[in-house]
Each structure stands twice: as structure tokens, then as C-alpha cells.
Amino acid sequence: EGHIIIRGQSRLLEDVKAIADLERARALLAYLEKQKNMLELLGSVQHAEGVQIFIGTENKIFDQSGWSMIIAPYKSPQEKIIGAIGVIGPTRLDYDRIIPMVDYTSRVVSNLLDEL
């Protein structure tokens, strides 16, 4: 059994400029509210090394939605993936800025877990 913590959902609505964008954001938030869906999504990084990027049709959550996700797992001292940290945003994200931040944060969390 695991726990999923999702924060910052309201920030997805900051850049909504049209009713169509609002409807896509609503659909995405409804999907993310279901723990089963998030566990399935996180399962896709279970065997991943480093940052994973999902854009548009690469994942059913983001299929034709205009959203993308950047996610990186963090590991226990035994190298077992125990969680992930990520960013969900519009497909026009600043990938050059976000990818290194997600990667760095997941490495910091892994290092902190090593020290426990």
C-alpha cells in the first residue's frame, strides 16, 4: 500500500485562456483525483532510470489534452523506487528549465533517504 500526495492542482488553472482549456483542465484534475489512475501512471516509471517525459498521446492521460508531465523516481538506499516527483503542465512548458529541476529534486530526495 502506498500513498499519493498531489499538490498545486490549482496552478494548472492559472494559464487557462478559453473555455476549452478550462474543460481540458477539469478533465485532467478529475482523472488525477483517482488514486488508481495515479498509481498506474507512477507504475510507468517503476523501471525507469532518471527523468521520464510524457507529452500528448504518449500516455492516455494526456492524449489530445494539451498537457504533459515530467517525472523522476527517487530511490531507497537499496535502490528500490519508493516514490516519484513530477510536474504537470501545458505542453508548452519550459522543458529546458523543468527537466533539470525535477531530476535534481529526485536526486536530493534519494540522497536524503540514504542518510536516514
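Coordinates for the structure precede this section.
Every value quoted in this text rests on a predicted model; they were computed, and no experiment measured them.

*Asks:* Just give me the short version of the sheet that holds strand β1 (residues 52–55), but keep the residues and values in it.
*Replies:* Spatial ordering of the open sheet is given by β1-β2-β3, a layout of three strands whose pairing is antiparallel. This sheet does not close on itself; its edge strands, each paired only once, are β1 and β3 (81–90). Between one strand axis and the next, the sheet turns through 20° on average, direction left out of account. Inspection of the sheet shows β1 paired to strand β2 (residues 67–75) by four bridges, in the antiparallel sense. Across the sheet, Phe54 pairs through a bridge with Met69, a residue of β2. Contacting β1, β2 and β3, helix α3 (residues 95–115) crosses the sheet at an angle of about 25° to β2.

*Asks:* Before we move on, could you go through the side chain of Ser106 and cite the residues and values that matter?
*Replies:* Following the sequence through the fold, Ser106 ends up in helix α3. Sequence-distant contacts of Ser106, that is, excluding residues within four places in its chain, are made with Ala72, Pro73, Tyr74 and Ile85.

*Asks:* Report on the environment of Gly50, specifying residues and quantitative values.
*Replies:* For Gly50, the position within the fold is in the loop between α2 (35–43) and β1. Owing to a relative accessible area of 29%, Gly50 belongs among the partly exposed residues under this scheme. Taking the C-alpha atoms as reference, Gly50 lies 8.8 Å from Tyr74; in sequence the two are 24 residues apart. When sequence neighbours within four positions are dropped, the list of residues in contact with Gly50 reads Ile71, Ala72 and Pro73.

*Asks:* Break down α3 for me, with residues and values.
*Replies:* Relative to the 30 Å expected for 21 residues at 1.5 Å per residue, α3 spans 30 Å between its end C-alpha atoms, a close match to the ideal helical length. Of the surrounding secondary structure, the elements contacted by the buried residues of α3 are β1, β2 and β3.

The rules behind each value
- Residues numbered from 1 in each chain as written.
- Predicted model: local features only at pLDDT ≥ 70, side-chain atom pairs only at ≥ 80, totals over all residues.
- Heavy atoms only, no water.
- Pairing = 2+ DSSP bridges.
- Helix = DSSP H or I, 4+ residues; strand = E, 2+ residues; numbered from the N terminus.
- Axes fitted to C-alpha atoms, helices over the stretch in contact; angles between N-to-C directions.
- Contact = heavy atoms within 4.5 Å.
- Buried < 20%, exposed > 50% of the residue type's maximum accessible area, 1.4 Å probe, protein only.
- Expected span 1.5 Å × (residues − 1).

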